[in-house]
Amino acid sequence: MSKLSKDYLIFTFSIMLLCWGACILCSLNGVALDKNYLLYIPFLLGGWSPTIASYIALKKNKEISELKEWIKNVFDLKHNVFSYVLVVILAILFLLPQCFVAGYESGAPLYAIIIMIPMMIVGGGLEEAGWRYILQPELEKKCSFTLSTLIVSVIWWLWHMPLFFINGAGQYGQDYLVFGLTVLGLSFALASIRKNTGSVWLCVLFHCIVNALSGIYVVNDTICGGAAAAAVLVLLSYAVTKINSINRLFS
């Protein structure tokens, strides 16, 4: 693992453990997020740990010179329509298998997606400034696409673990194994987007769309649903990544 990757992971997990650890201690003492809104400060900072660590690690390793350069690299908006279509299709095909296999309940109205997608940039999407900007491509310098993606998926899954112990967090009370299966599928989809488009922004956008759709179609928490979503996204990621003509299309 490269020095950049090690620095990134050290900063990410240090910030996360400090912030979310404080939230867990409060939960153990009967203080939930909705009982003390000040807890949202460490809660949000923990969620932004991959983003914060991205800038610190890149700056430390002289990969960027200033914040403006980091922002430009993360928000690389100029891509052709096929790249954006790929992102939307993968996001929809993540949700559909779960809805069919596990069933779902209606959440927010569909039109709310217009507001929810921009909100999800700071509500999860900017994690990709670390996982797919730094970790995935750095691992692929020494490992295969498959092994690199599996490693990232496990690390990403472990990073989320504290959320399952924070009373008031969206993951509190959910099945951690089912969540792991969806993380596996999402990791392959995101790795494919990053590899075939070279874009961090499109990974951010995919993450935002998935989070927004999950608030509109609340899928039941089942192993079969998670496995179905993972299987579809893994297969699609290989289909996109292995076809040379697709690489040229997204260049």
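For the structure given in this document, a descriptive report is provided here. Along each chain, numbering runs from 1 in the same order as the chain's sequence is written. Given that the model is predicted, a residue must reach a pLDDT of at least 70 before its local features are reported, and side-chain atom pairs must reach 80 or more before they are shown or counted; all residues, however, enter totals for whole chains, interfaces and linings. Only hydrogens and water are set aside when side-chain values are computed; all heavy atoms of the structure are taken into account.

A word on the overall build of the protein
Put simply, the rule reads: Strands here are runs of E lasting at least two residues and helices are runs of H or I lasting at least four, both read from the DSSP assignment and numbered beginning at the N terminus. This radius of gyration counts C-alpha atoms alone. The globule rule is 2.2 Å times how many residues there are, raised to the power 0.38. The buried label applies to any residue whose accessible area, calculated with a 1.4 Å probe on protein chains only, is under 20% of its type's maximum; exposed applies above 50%, and partly exposed to all values in between.
When helices and strands are tallied, the protein shows 12 helices and 2 strands. Listing every helix and strand of the protein by position from the N terminus yields α-α-α-α-α-β-α-α-α-α-α-β-α-α. For a compact globule of 251 residues, the expected C-alpha radius of gyration is about 18 Å, and the protein comes in at 18 Å, within 12% of that figure. Summarising its shape, the C-alpha atoms of the protein cover approximately 55 × 45 × 30 Å along the three principal directions. Taking all 251 residues of the protein together, 48% fall into the buried category.

Thoughts on the side chain of Asn196
Stated formally: Distance and chemistry together define a polar contact, namely a pair of N or O atoms within 3.5 Å, with one atom able to donate a hydrogen and the other to accept it when in protein, and with adjacent residues in sequence counting only for side-chain atoms on both sides.
Mapped onto the secondary structure, Asn196 falls in helix α9 (residues 176-197). Overall, the relative accessible area of 4% leaves Asn196 in the buried class. A distance of 2.8 Å separates a polar atom in the side chain of Asn196 from the backbone oxygen of Ser192.

Side note on a nonpolar patch on the surface
Test applied: For patches, a residue must show more than 30% relative accessible area and have no salt bridge; joins then use 9 Å for like charges and 5 Å for nonpolar side chains, namely Val, Leu, Ile, Met, Phe, Trp and Tyr. Under the convention used here, a 1.4 Å probe and the Shrake-Rupley method define accessible areas, while residue burial counts only the protein chains that appear. Salt bridge, as used here, is a side-chain nitrogen of Lys or Arg placed within 4 Å of a carboxyl oxygen of Asp or Glu.
Together, Leu38, Ile41, Leu44, Leu45, Trp48, Ile52, Ile56 and Val122 line one region of the surface with nonpolar side chains, adding up to about 660 Å² of accessible area. Going through the elements one at a time, α2 (40-47) and α3 (49-60) are the ones with two or more residues in the nonpolar patch. For the nonpolar patch, the leading source of residues is α2, giving 3 residues. Position of Trp48 relative to the elements: it lies in the loop between α2 and α3. Among the residues examined, Trp48 registers a relative accessible area of 32% and is labelled partly exposed.

Description of the packing of aromatic side chains
Two descriptors summarise a pair of aromatic rings, namely the distance from one centre to the other and the angle between the planes of the rings. In plain terms, the rule: The aromatic pairing rule takes the rings of Phe, Tyr and Trp, using the six-membered ring of Trp, and pairs them if the centres are within 6.5 Å, calling planes under 30 degrees apart stacked, those over 60 edge-to-face and the rest tilted.
Scanning all chains against the criterion turns up 15 aromatic pairs. Consider the rings of Phe145 and Phe188, whose centres lie 6.2 Å apart with planes at 70°: the pair is edge-to-face. Of this pair, Phe145 sits in helix α8 (residues 145-160) while Phe188 sits in helix α9; the two residues are 43 residues apart in sequence, bridging distant segments of the chain. Phe188 shares its class with Phe145; the two are buried.

Things to note about α3
Rule in force here: Helix span, expected: 1.5 Å multiplied by one less than the number of residues in the helix. We call two residues contacting when some pair of their heavy atoms lies within 4.5 Å.
For α3, which comprises 12 residues, the first-to-last C-alpha distance of 16 Å matches the rise-based estimate of 16 Å (1.5 Å per residue) to within 8%. Tucked into the core, α3 has its buried residues touching α1 (3-28), α2, α4 (67-74), α7 (128-140) and α8.

Here's the deal with helix α5 (residues 81-102)
Across its 22 residues, α5 extends 32 Å between first and last C-alpha, which sits within 8% of the 32 Å expected from 1.5 Å per residue. Taken residue by residue, α5 has Ser83, Leu86, Val87, Leu90, Ala91, Phe94, Leu95, Pro97, Gln98, Cys99 and Ala102 as its buried positions. In the core, the buried residues of α5 are packed alongside β1 (104-106), α9, α10 (201-216), β2 (217-219) and α11 (223-242). Capping of α5 at its N-terminal end is provided by Asn80; its side-chain oxygen lies 3.1 Å from the backbone amide nitrogen of Phe82. Backbone geometry just after α5 places Gly103 at a positive phi near 85°.

Comments concerning the pattern of salt bridges
For the structure shown, the criterion picks out 5 salt bridges. Among the ionic pairs, Lys3 bridges to Asp7, the shortest N-O distance being 2.9 Å. Of the two residues, Lys3 and Asp7 are both situated in helix α1; the distance of 4 residues between them amounts to about one turn of the helix. Between Glu140 and Lys195 there is a salt bridge, and its shortest N-O distance comes to 3.2 Å. Remark: Lys195 occurs in helix α9 and Glu140 occurs in helix α7; sequence separation between them is 55 residues. A single salt-bridge network, built from bridges that share partners, covers Lys3, Asp7 and Lys60.

A short note on the environment of Leu77
On the secondary structure map, Leu77 appears in the loop between α4 and α5. In this structure the C-alpha to C-alpha distance between Leu77 and Trp201, which are 124 residues apart in sequence, comes to 6.4 Å. Ignoring sequence-local partners within four residues, the contact set of Leu77 consists of Tyr84 and Trp201.

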